[in-house]
Every structure is written in structure tokens, then in C-alpha cells.
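Each chain is listed here by its residues.
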Amino acid sequence: MLTTFQQDILSFIKQLFPNFKQIGNTTIFQLSEHLFIHLISLKENIQNKQEYFYTELTNRYTHSGKQLIHLWEDNWVSHQKIIKSRLASFAGVTTKIHGRKTKVTRIHQEEFYAFLNQNHLQGAVHAKYKFGLYEKDNLVAVAGFSHPRKISRDGYISRSSELIRFCNLTNHTVIGGMDKLLKHFITHFEIDDIMSYADRDWSNGKSYERLGFDFIEQTDPTVFWIDVKTNTRYFEHSLSKENQLEGDELTAFLEQKKYLRIENSGNLKFIKLLANT
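1. Things to note about the sheet that holds strand β16 (residues 259-263)
The strands making up a sheet are joined through hydrogen bonds of the backbone, oriented either antiparallel or parallel.
For step 1, the next point in the chain: Spatially, 3 strands are ordered β15-β14-β16 in an open sheet, and the strand pairing comes out antiparallel. The open sheet has two free edges, formed respectively by β15 (232-235) and β16, since each of these has just one partner strand. The sheet shows a mean angle of 30° between the axes of neighbouring strands, taken without regard to direction.
For step 2, the next point in the chain: By the bridge criterion, 5 bridges tie strand β14 (residues 223-227) to β16 in an arrangement that is antiparallel. Bridging from a neighbouring strand, Phe224 pairs with Ile262 of β16.
For step 3, the next point in the chain: Running at roughly 75° to β15, helix α9 (residues 236-243) makes contact with β14, β15 and β16 of the sheet.

Set out below in C-alpha cells:
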């Protein structure tokens, strides 16, 4: 039997993908020929506690040329507006803005944080260099980059920076926006490569490949703990640092607080080499 959260999502999905269908008795639904969504209640996660469950499930779909989105109950409760925007974008229902009509501007931390908290599922994150795309007076996309650091690659020292966040305004898509912000950063900073990560719960990494990034590796799942009272999600490593606990001691402490442990399907790591461009 579907939970209330799953029924609510399907009611919205029906507006975008009227011909969606359930896969057997699972909580996986086919939205289009190659796009599927897995609606994960927190109760279901307790039943699927084995490690790499979601990673292996995603792998099965990827190997058959399909994309599987993992939509978690806590994210739906906390970020419905953002999730509806992302699902609508998959259906092509979005306000499109051409990148050539926007202007790149360096933005302050407060503006960067506020935009991410309002428009990105994972919220704000620190970045050394922060840029925005403005359409007239409206901020419609942002990107944040790390400070370049020296990394040894194939016996050579490279100045490498990370694209930490890219985000469009909710219900909008800036056509060529990510490319424009990347080119601006590359033009103004001496770097040899840019790396970035794609969240496998939502992305198959194709947008990175279209921009000239090369796939490097698939990472292990990221471990989170959810405060089920507030549906607030925390990185395990952050809670470990905050409470000065590790391993079994940390697990016992968080379970005593009624936090729920989950792991996602991991990330895809990409790199864009620039030394010869």
C-alpha cells in the first residue's frame, strides 16, 4: 500500500506524465521510455538497510540505458517546491532563459547562500568563488568554485578547482547557463582542470559530458542521518565532527536520539581538462 507521501507525489506526477505506470508491486514508477522514479518512504528504507542497496538498484537501470531517480520522503516534505521544479524540468515544463541574455556577476556569500537555500536540494555550501547570472535585475542561476589547489595527475602537477554547486532558479532553466559560468571562471583564473560531482539520486551525468567533462569514477554512497521529527538531513561526517564520536559510538548516540541512517546511490565524479585548450 502506498503511503500518503507517495500518493501526493503521484498526484503531481500525473500532471506531468499522465501515462506513468507502476512497476509491479514496487514503489518504482516509469515516467517515460527511459526515465523512472523510486519513491522512498523512510519506513521502506528501514526494510532496505543493506549497504549499497540504492547504488546497485541504480546500476541495474543505468546498465540498461535508463535513468532512475531516487526521491526520498524527507526531501519531499522539506523541499516540495524544488522537487516539483526538477520533476517539471524532466517533463520539459520550465521557463527557458537564453544564456546570451544574461550577465555574469560575482556575488557575495549571503546572496549565494540565500539562492542555494531557496533553489538547491542540498542547500548552501561554502565556495571560494561565487558567480551569478542575471537577467536584467533578476538572479537566475549561480555557480560556486573552490580555490585552485595543486594535485598530482599522471606525474604532473595540475592546478585543479572544483565546481561545487550549480543551480538554476526554481521553475527556470538558463540555456547554456552552466557553460557560460564555467567559461567565465576558466577565463579569469589560471587552472588546468575543473572537477565536479553529479548526485546519482537525480543525475546520470549527461549534462557534464555535454560540456566536455570526462567521467572518472563512481563514488561510494554518502551516509546521512535524518532527524525524523523535523525531516532535517545531516551528513554523517559533520555529525561525527560536531559530537567528537565515530563508528559504533556515533551510531549508538544518533539512534538514541531517534535519528534514521540512510545512504544514497553515490556520486559520479567528472573532470574537465583545460591544459591544452
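2. Re the environment of His172
For step 1, the next point in the chain: Positionally, His172 belongs in strand β11 (residues 172-175).
For step 2, the next point in the chain: Sequence separation of His172 and Val140 is 32 residues, and the distance between their C-alpha atoms is 7.5 Å.
For step 3, the next point in the chain: Beyond its immediate sequence surroundings of up to four residues, His172 is in contact with Thr94, Thr95 and Ile97.

3. With respect to the side chain of Asn75
For step 1, the next point in the chain: On the secondary structure map, Asn75 appears in helix α4 (residues 73-78).
For step 2, the next point in the chain: The class of Asn75 is buried, set by a relative accessible area of 13%.
For step 3, the next point in the chain: For Asn75, the residues in contact, after removing those within four places along its chain, are Gln80, Ile83, Leu121 and Arg233.

4. Section: the packing of α9 against helix α10 (residues 247-256)
In a pair of packed helices, the angle between the axes and the distance between the axes together describe the arrangement.
For step 1, the next point in the chain: One can describe the packing of α9 onto α10 by two numbers: an axis separation of 11 Å at closest approach and a directional angle of 95°. With respect to α10, the axis of α9 lies roughly perpendicular. Residues Glu236, Leu239, Ser240 and Asn243 of α9 touch α10, and the partners they reach there are Leu250, Phe253 and Leu254.
For step 2, the next point in the chain: Class assignment of the residues belonging to the contact of α9 with α10 gives a composition of 4 nonpolar, 2 polar and 1 charged.

5. A word on the packing of aromatic side chains
For step 1, the next point in the chain: This structure, assessed with the given rule, holds 18 aromatic pairs.
For step 2, the next point in the chain: When the centroid spacing of 5.3 Å and the interplanar angle of 85° are considered together, the rings of Tyr208 and Phe213 count as edge-to-face. By the burial criterion, Tyr208 is buried, and Phe213 matches it.
For step 3, the next point in the chain: Grouping aromatic residues by their ring pairs yields a cluster made of Tyr129, Phe131, Phe145, Phe185 and Phe189.
For step 4, the next point in the chain: Above the ring of Phe224, the side-chain terminus of Arg233 is found at 4.9 Å from the ring centroid.

About the criteria used
- Residues numbered from 1 in each chain as written.
- Predicted model: local features only at pLDDT ≥ 70, side-chain atom pairs only at ≥ 80, totals over all residues.
- Heavy atoms only, no water.
- Pairing = 2+ DSSP bridges.
- Helix = DSSP H or I, 4+ residues; strand = E, 2+ residues; numbered from the N terminus.
- Axes fitted to C-alpha atoms, helices over the stretch in contact; angles between N-to-C directions.
- Contact = heavy atoms within 4.5 Å.
- Buried < 20%, exposed > 50% of the residue type's maximum accessible area, 1.4 Å probe, protein only.
- Parallel < 35°, antiparallel > 145°, perpendicular 65-115°, else oblique.
- Nonpolar A, V, L, I, M, F, W, Y, C, P; charged D, E, K, R; others polar.
- Phe/Tyr/Trp six-rings, centres within 6.5 Å; stacked < 30°, edge-to-face > 60°.
- Lys NZ or Arg CZ within 6 Å of the ring centre and 35° of its normal.

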